[in-house]
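Notes for the structure review
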Amino acid sequence: MGASQATGPTRAETTAHVLGTGRWRVLADRSRIGFRVKKMGVYYVKGRFRGVDGELGPDGHGEVVVDAGSISTRIAPRDWHLRSRDFLDVRRHPKLRASVESVEPAGDGGIAAAVVLNLHGERAPVELRGHLHHLPEPDGNGDARLLVHLEGKLDRHQFGIRARPPVEWIVGREVLLDVELGLERIPREDPAGEAPPS
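Below: a short report on this structure. (Residues numbered from 1 in each chain as written. Predicted model: local features only at pLDDT ≥ 70, side-chain atom pairs only at ≥ 80, totals over all residues. Heavy atoms only, no water.)

1. With respect to the overall build of the protein chain
Cut-off, in case you're wondering: Segments assigned H or I by DSSP are reported as helices when at least four residues long, segments assigned E as strands when at least two residues long, and all are numbered from the N terminus. Each residue's exposure class comes from its accessible area (1.4 Å probe, protein chains only) as a fraction of the maximum for that residue type: buried when under 20%, exposed when over 50%, partly exposed otherwise. A contact between two residues is defined here by any heavy atoms of the two lying within 4.5 Å. Here the Shrake-Rupley method, with its probe set to 1.4 Å, supplies the accessible areas, and only the displayed protein chains count as covering residues.
Each helix and strand counted, the protein chain has 3 helices and 10 strands in total. Scanning the protein chain from its N terminus toward the C terminus, one meets helices and strands in the order α-β-β-β-β-β-α-β-β-β-β-α-β. Looking at the protein chain residue by residue over its 198 residues, the buried ones come to 43%. Contacts in the protein chain between residues at least 24 apart in sequence constitute 59% of all its contacts with a sequence separation of at least 6. Entry remark: accessible area of the protein chain is about 11,600 Å², with carbon and sulfur atoms responsible for 52%.

2. Examining the side chain of D89
Residue position: D89 is located in the loop between α2 (76-83) and β6 (95-105). With residues near it in sequence (within four places) discarded, D89 still touches L82, R83, S84 and H120.

3. Some remarks on the pairing of β6
Filter applied, for reference: DSSP calls a pair of strands paired once it identifies at least 2 bridges connecting them.
Bridge count for strand β4 (residues 62-67) against β6 is 6 bridges, and the pairing is antiparallel. The partner of V64 across the bridge, within β6, is A98. For β6 and strand β7 (residues 111-119), the ladder comprises 8 bridges, and the chain directions are antiparallel. Bridging across to β7, R97 finds its partner in N118. Hairpin remark: β6 followed by β7, antiparallel, with 5 residues in the connecting loop; positive phi at G109, about 90 degrees.

4. A few points about the environment of I186
Checked against the element boundaries, I186 lands in the segment after β10 (171-185). Note on I186: relative accessible area 4%, which makes it buried. Once the C-alpha coordinates of I186 and G57 are considered, the two residues, 129 residues apart in sequence, prove to be 9.8 Å apart.

5. A word on the environment of S31
Put simply, the rule reads: Polar contacts here mean pairs of N or O atoms no more than 3.5 Å apart (in protein, one a potential hydrogen donor and the other a potential acceptor; neighbouring residues in sequence count only if both atoms are side-chain atoms).
Within the secondary structure, S31 is located in strand β1 (residues 24-39). Assessed through its relative accessible area of 0%, S31 is described here as buried. Separated by 151 residues in the primary sequence, S31 and G182 place their C-alpha atoms 5.3 Å from one another. Look past the residues within four positions of S31 in its chain and what remains in contact with it is V26, R50, V52, E180, L181 and G182. A polar contact of 2.6 Å, which involves the side chain of S31, links it to the backbone oxygen of L27.

Here is the structure:
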């Protein structure tokens, strides 16, 4: 008789081990997408997107939607330029969409998220790594809210973002990502959150 083969945990079970069971909505007031880009190969320009929304399901799949126009580097002329056709082209591409394929434990005790990013009309995979911790509730329950911090990088050329010279020559291709997502468990009876926002 052949020995029975042991099977490992399913992706849903692995995700539940990381996030806990149930569905999660993104808390806009506790979330932001930060980034850093090198300028002239010397120093970094930092910025962030504040308009973040979305939902994650119990199997780790979900979507995070970002308002491209919410970008801010705290310098108004530069922010206007980043919204223009040279970079994000927010008139044609008002939303950034991150399709979350999985959230799993990482070997360093943290977590790894596999994401397909839809940016500037182009799609490409991005790997994010980081950690999470529970946010305490007023009633003392620490299981209903999470704060997730993730880091990664992307090549803007992969998403068709190329500025006109001479700006293109002085802005780095590599974009370093610093993501913070506040998550709140959706009650089972809550009809809201059945689908991520459009």
